[in-house]
Amino acid sequence: MARYGPNEHDVLIVGGGGAGLRAAIAVAETDADLDVAVVSKVYPMRSHTVAAEGGAAAVIKENDSLDEHAYDTISGGDWLCDQDAVEAFVHEAPEEMLRLEHWGCPWSREEDGSVAVRSFGGMTNKRTWFAADKTGFHMLHTMFQTTLKYDPIQRYDEYFVTRLLVDDGRCQGVAAIELATGKVEVIAARSVILCTGGCGRVFPFTTNGNIKSGDGMALAYRAGVPLKDMEFVQYHPTGLPFTGLLITEAARAEGGYLLNKDGYRYLQDYDLGEPTEKPVHRSMELGPRDRLSQAFEKEDQKGRTIEGPYGSYVHLDIQHLGEEVITKKLPFVRELCLKYENIDPIRELIPVRPVVHYMMGGIHTDINGATPLEGLFAAGEAACVSINGANRLGSNSLTELLVFGGRAGRAAAEYASQKKEFSSALPALQTDESNRIEENFFTDKGGNPDTVSSIREEMHKTMEDGAGIYRSEASLKESEAVINDLQERLQKLSIQDQSYTFNTELVLAHELSYMLDVAETIIQSALQRTESRGSHQRTDHPDRDDENFLTHSLAYKADRGSPRIEYKPVTITRWPPGERVYGS
Ligand SMILES: Cc1cc2nc3c(=O)[nH]c(=O)nc-3n(C[C@H](O)[C@H](O)[C@H](O)COP(=O)(O)OP(=O)(O)OC[C@H]3O[C@@H](n4cnc5c(N)ncnc54)[C@H](O)[C@@H]3O)c2cc1C
């Protein structure tokens, strides 16, 4: 058997966020003899999961039910969710959340000591567990600490993966740059799980951290694995205008209002229902995110938003909640407003606008995280199982990391236990990858005015203009042409920084190449879906078309130009497609 010394593992997880760490623990718990490693481009606690604020959904209270959680998720997703996956999700969610409690996660409590839950957009009952408004921080800390107690879990912190190593039709590891030295290493593994998170940075205004550039999605796509439902991009209705920093939905769940430039609660004019006492979560500000973001666009068209240096915005008002509620339940919201906008939400209005928040689409997997490529699995935001359909409900994602991170970990462990031999071609693949990086980025191609940032800026503009909240055939075609052109220009780009130690320009150039790949799948999937559903709104095809599009799109990389799109029917178990009704 070929051996690759210390860099050889049974299971390799790319990503140290919530999905990656949950998967690592699942592998260690499935078989203590398996050697498992986590590779991450940043120290795991810096993964985007740490930024999650509002909470994680799971049925826990007596007045709630698994079927209601399933139905909310499916109708919120505009019937594009696979219902078998949703049923597994809601069923396993409470157990996963309790397990996290046993590992030490400090869930906020009710007065009587039971786990506290809050309302969240599109959820019929209160079922969102939270740890103040720093839920992701506490969840990630808890899982990180738990990984430390398992000796077989090793880590490659600050290694940047640039390629999946595929031979004999199997994924057998990755090539990664050790950022401290610039060395390209092979990390061989019998199974690989991609937990690389989302790709919000494809768009200019986003809540997503800089590191969310769709790396794993692009790596899988390049290896022939399709990306599923990429046209579904979630805008969050309340980001701060310049930084895109998220003002969590919890601010509205606690009772915050959205006001237009006249101080009017404009959501009452849209298909979100009248303000009602009960059920409070289905009305107005707690309608689903896609509808709220679309309502903003309509207000903007009517000239009823406020013009600012970073585009138009409206106001979020939480003053009436009072100092005690704000400091106790929304301390992070206040901190962000004070630090980044120099305003105190106890006394002032918060400026907000829709910003890209989450990708419903991702690497095509089955219900256990397996992709069509043998040995390759995916979980978390990078994957599309799919439980989020055309629009994810807030607070389902953190729970998804646990349920499907765990499932992918167990499936990858089982696959790795077959102990298939490594191919003898891996060293040659490593040499190939080193040469590719050297030639693509370090060789001066002469006279090219482009830089990473100039290409990125053009990508941002065309994605926002052509593939944003509202799209049309004309706008998408224009963006398609721009992205194809940028792909060609990227080939001619060389980087200025020639050093091998922490070469951030090299990382940014790779991330840009990943984002352009992801962008082309978003555009092409959106172009070919000639209907409107959830977050995908076509001005030239305003209605949902179940006859032709109750299907997942699958984007395959083509040899040249735009991807090839195929379709796969949605799995319906118990809930036939209906209308999405809110506010009743
Ligand atoms: C501000 C904010 C608030 C949110 N709040 C909530 C909430 O309240 N409730 C909820 O349910 N959801 C929330 N979400 C969504 C949710 O937090 C994310 O979908 C989820 O945390 C993603 O977790 P993940 O493990 O899939 O990926 P991430 O946490 O993004 O981790 C990705 C990992 O992959 C690694 N990686 C990526 N590329 C490479 C590469 N090339 N080489 C090596 N390593 C790589 C990174 O280093 C990182 O460790 C929020 C999201 C944001 C942005």
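This next bit is on empty space enclosed by the protein. Gaps between atoms show up when a probe of the same size as a water molecule is rolled over them. Counted by the stated rule, this structure contains four cavities of 30 Å³ or more. Roughly 40 Å³ of volume is contained in the largest cavity. For the largest cavity, the full set of lining residues is Val233, Tyr235, Asp290, Ser293, Gln294, Ile469 and Ser535. For the lining of the largest cavity, the secondary-structure elements that each account for two or more residues are strand E11 (233–239) and helix H7 (289–301). Element by element, the count of residues in the lining of the largest cavity is highest for H7, at three residues. For the lining of the largest cavity, a count of residues per class yields three nonpolar, three polar and one charged.

Attention shifts here to the packing of helix H1 (residues 18–30) against helix H10 (residues 396–416). The contact between H1 and H10 brings their axes to 7 Å, and the two run at 45°. Our classification of the angle between H1 and H10 gives oblique. For the pair H1 and H10, the sense of crossing is right-handed. Mapping the contact onto sequence places Gly18, Ala19, Arg22, Ala23, Ala26, Val27 and Thr30 in H1 and Leu401, Leu402, Gly405, Gly406, Gly409, Arg410 and Ala413 in H10. Taken together, the residues of the contact of H1 with H10 break down into seven nonpolar, five polar and two charged.

Further remarks concern the side chain of Thr135. Inspection of the secondary structure assignment puts Thr135 in helix H4 (residues 135–148). For Thr135, a relative accessible area of 0% puts it in the buried group. From its side chain, Thr135 meets the backbone oxygen of Glu53 in a polar contact 2.7 Å long. In this structure, Thr135 is in contact with Ala52, Glu53, Gly54, Gly55, Ala56, Trp107, Trp129, Phe130 and Leu398, ignoring residues within four places of it in sequence.

With 96% of its residues at a pLDDT of at least 70, the chain reaches an overall mean of 93. Between residues 273–282, whose pLDDT stays under 50, and residues either more than four places distant or in other chains, the model counts 27 contacts.

In the structure shown here, the tally under the stated rule is twelve aromatic pairs. For the ring pair Tyr71 and Trp79, a centre distance of 6.1 Å and an interplane angle of 75° mean the geometry is edge-to-face. When the centroid spacing of 5.1 Å and the interplanar angle of 80° are considered together, the rings of Tyr156 and Tyr159 count as edge-to-face. With respect to class, Tyr156 is no different from Tyr159; both count as buried.

Next up on the list: the domain arrangement of the chain. We note that the domain assignment places domain 1 (239–354) and domain 2 (431–569) within the chain. Just the C-alpha atoms count here: the centres of domain 1 and domain 2 sit 31 Å apart. Here domain 1 and domain 2 share an interface that buries about 520 Å² over both sides, 57% of which is from carbon and sulfur atoms. Area buried by domain 1 at its contact with domain 2 is led by Asp290, Gln294 and Glu297, which between them contribute 68% of it.

Once that is clear, we can look at the site of the ligand. Inspection of the region around the ligand gives 38 residues, with Ser40, Ser47, His48, Thr49 and Glu381 positioned closest. Thr49 has a polar side-chain atom sitting 2.5 Å from an oxygen atom of the ligand. For the ligand, a nitrogen atom lies 2.8 Å from a polar atom in the side chain of Asp215. For the ligand, whose accessible area on its own is 1000 Å², the fraction buried by protein is 98%. Broken down by secondary-structure element, the contributors of at least two residues to the shell around the ligand are H1, strand E2 (36–40), strand E7 (159–167), strand E15 (350–359) and H10. Among the elements that line the shell around the ligand, the one with the most residues is H10, at four residues. Here the residues of the shell around the ligand sort into 14 nonpolar, 19 polar and five charged.

About the criteria used
- Residues numbered from 1 in each chain as written.
- Predicted model: local features only at pLDDT ≥ 70, side-chain atom pairs only at ≥ 80, totals over all residues.
- Heavy atoms only, no water.
- 1 Å grid on protein atoms, 1.4 Å probe; cavity = no way out; pocket = protein on both sides within 12 Å on 5 of 7 lines; lining within 4 Å.
- Points joined across faces, edges and corners; volume = space filled by probe spheres on them.
- Helix = DSSP H or I, 4+ residues; strand = E, 2+ residues; numbered from the N terminus.
- Nonpolar A, V, L, I, M, F, W, Y, C, P; charged D, E, K, R; others polar.
- Axes fitted to C-alpha atoms, helices over the stretch in contact; angles between N-to-C directions.
- Parallel < 35°, antiparallel > 145°, perpendicular 65-115°, else oblique.
- Left-handed = near helix turned anticlockwise from the far one by under 90°.
- Contact = heavy atoms within 4.5 Å.
- Buried < 20%, exposed > 50% of the residue type's maximum accessible area, 1.4 Å probe, protein only.
- Polar contact = N/O pair within 3.5 Å; in protein donor to acceptor, adjacent residues only side chain to side chain.
- pLDDT = per-residue confidence, 0-100.
- Phe/Tyr/Trp six-rings, centres within 6.5 Å; stacked < 30°, edge-to-face > 60°.
- Domains from an automatic or database assignment.
- Buried area = accessible area lost by both parts, 1.4 Å probe.
- Near = heavy atom within 4 Å.
- Areas by Shrake-Rupley, 256 points an atom, 1.4 Å probe, with all protein chains shown as cover.

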